Every structure is written in C-alpha cells, then in structure tokens.
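Each chain is listed here by its residues.
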Amino acid sequence: MRRLINMNQDNSPNRVKVRLNVGGVEVEIEAPVDQLEESVRRVISALAEGREKEERPVQEAKRQLTCRQVVERLVSEGFFREPKSLSEVYQEVKRRGYSFDVTAVAHVLLELVREEVLDREGSPRRYQYVERRRGSVGELAKQFPEGITLTAEERTAQRGTGAPSE
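Keep in mind that what you see is a predicted model, and the values were worked out from it rather than measured.

Our next topic: the environment of Phe100. Looking at the element boundaries, Phe100 is found in the loop between α3 (86-95) and α4 (102-114). Each C-alpha atom of the pair Phe100 and Thr66 lies 8.8 Å from the other, and the pair is 34 residues apart in sequence.

Next comes the structure, spelled out in structure tokens:
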C-alpha cells in the first residue's frame, strides 16, 4: 500500500520538505520549519489510527462468539471424545484466541452437563468432562424399530414393570 500526502504546496524559503516511509507508506510533508515536528507527529498518528482500524474488525469478529458457542463448537468438533479437565478445556479456548474467564467456561460446562450434552466424571475439583454416550439400546430401538431386538429385561425396563414379557 502506497500513499503520498502533500501538506501545503507553497515553496517559500522558510519551508522544509520531508519524505518519510512509515510501515510501507510513503509520506511527503512540506511545512514551515517551526511547524515541521508537529506536522510529522500528526501524520504518524493518523497512519497509526488507520492501521488500528484495519486490524480491529478481525479482533471484533473473533469476540462475537459467546463462551457457550465456543464450547459447543468444541463439542461438535469431537474435543470431548476423551475426558477433559476444566483446565484443559480452558486452555483450548484460550489457544483458539478467546479470553473468557475460567469461571465462565466452568459455568458453560455445568450447563452442558445438566442439558445432558456432556457427562461429568470424577470428584469435585477433579471433574473430567466427556461427550455423552449416545445410543443406549432403548434410543436405538426408537430410531431403528425394525432392526433391533430387545431382550426381555430391556422390554421390562422400558415398560417399567417387574415381569418380563414375550
């Protein structure tokens, strides 16, 4: 990217012309000697502001996701196929460039456990979070009624009675 900025074209003898190259941007400044330093500061400040504005949309786009959305993305990507501790989940969120507090991550994990998306194994302060195992025999029977035969005990458990049926 190349820009050329000319300030005041007057060629009087007490004026100075300076050419700067700042971050790949070439700037030519012409100003009275007593105003040159201030002119250079203003131009460099304007270039820095322009560069910040160019970088800002990328950072803002990354922050638009909520903590829950980031953790749900981890679930959908299979991150929780193997048990993970809170600190492992937090580090993965951080590695991906998000700066959520560890308590926010813990809160989302607890919500996902309550919603039966994840299972929690272990004891307090040592919990491991793992993808909920789908596909119990009863759930599979509902999905594929013609392809799965239930045992007498499973049929009894489904009906909630104590006597097996044929």
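From this point on, the discussion continues.
Here Val25 is to be found in strand β2 (residues 25-32). It is 8.4 Å that separates the C-alpha atoms of Val25 and Leu47, two residues lying 22 residues apart in sequence.

Taking burial as the measure, the eight residues of β2 include eight buried ones, the bulk of the element. Relative to β2, strand β1 (residues 15-22) runs antiparallel, the two sharing eight bridges. Note on β2: the bridge partner recorded for Val16 is Ala31. If you look at the hairpin formed by β1 and β2, you'll find two residues sitting between the two strands, and Gly23 has a positive phi there, around 55 degrees.

Looking now at the pairing of strand β4 (residues 118-121). In the sheet, β4 pairs with strand β5 (residues 128-131) via four bridges, with the strands oriented antiparallel. Counted as the bridge partner of Glu121 is Gln128 from β5. Hairpin remark: β4 followed by β5, antiparallel, with six residues in the connecting loop; positive phi at Gly122, about 100 degrees.

This part covers the nonpolar core. Among the nonpolar cores identified, the biggest contains 18 residues, and Val71, Phe80, Val89, Val93, Phe100, Leu109 and Leu118 are the most heavily contacted of them. Contributions of two or more residues to this core are made by α2 (67-76), α3 and α4. Filtering out sequence-adjacent residues up to four positions away, Phe80 remains in contact with Val71, Leu74, Val75, Val89, Leu109, Leu118, Tyr129, Val130 and Glu131. Grouped together as the second largest cluster of nonpolar side chains are eight residues, Val27, Ile29, Leu36 and Leu47 included.

So, on to the sheet that holds strand β3 (residues 84-85). One open sheet accounts for three strands, arranged β3-β5-β4; its pairing is antiparallel. One side of each edge strand has no neighbouring strand; the edge strands of this open sheet are β3 and β4. Lying on the sheet, α4 is in contact with β4 and β5; it crosses β4 at an angle near 110 degrees.

Moving on, we come to the packing of aromatic side chains. The full count for this structure, using the stated rule, is two aromatic pairs. Geometrically, the ring pair formed by Phe79 and Phe80 is edge-to-face, given 5.2 Å between the ring centres and 90 degrees between the ring planes. Of the two residues, Phe79 and Phe80, neither departs from the other in class, the shared state being buried. Seen in terms of ring centroids, Tyr98 and Phe100 are 6.0 Å apart; in terms of plane orientation they differ by 10 degrees. Their pairing is stacked. We note that Tyr98, like Phe100, is buried. Just above the ring of Phe79 sits the side chain of Lys84; from NZ or CZ to the centre is 4.9 Å. The ring centre of Tyr127 lies 3.8 Å from the NZ or CZ of Arg120, which sits over that ring.

Thresholds applied
- Residues numbered from 1 in each chain as written.
- Predicted model: local features only at pLDDT ≥ 70, side-chain atom pairs only at ≥ 80, totals over all residues.
- Heavy atoms only, no water.
- Helix = DSSP H or I, 4+ residues; strand = E, 2+ residues; numbered from the N terminus.
- Buried < 20%, exposed > 50% of the residue type's maximum accessible area, 1.4 Å probe, protein only.
- Pairing = 2+ DSSP bridges.
- Core = buried A, V, L, I, M, F, W, Y, C linked by side-chain atoms within 4.5 Å.
- Contact = heavy atoms within 4.5 Å.
- Axes fitted to C-alpha atoms, helices over the stretch in contact; angles between N-to-C directions.
- Phe/Tyr/Trp six-rings, centres within 6.5 Å; stacked < 30°, edge-to-face > 60°.
- Lys NZ or Arg CZ within 6 Å of the ring centre and 35° of its normal.

Function cannot be inferred from these measures alone, as they are strictly geometric.
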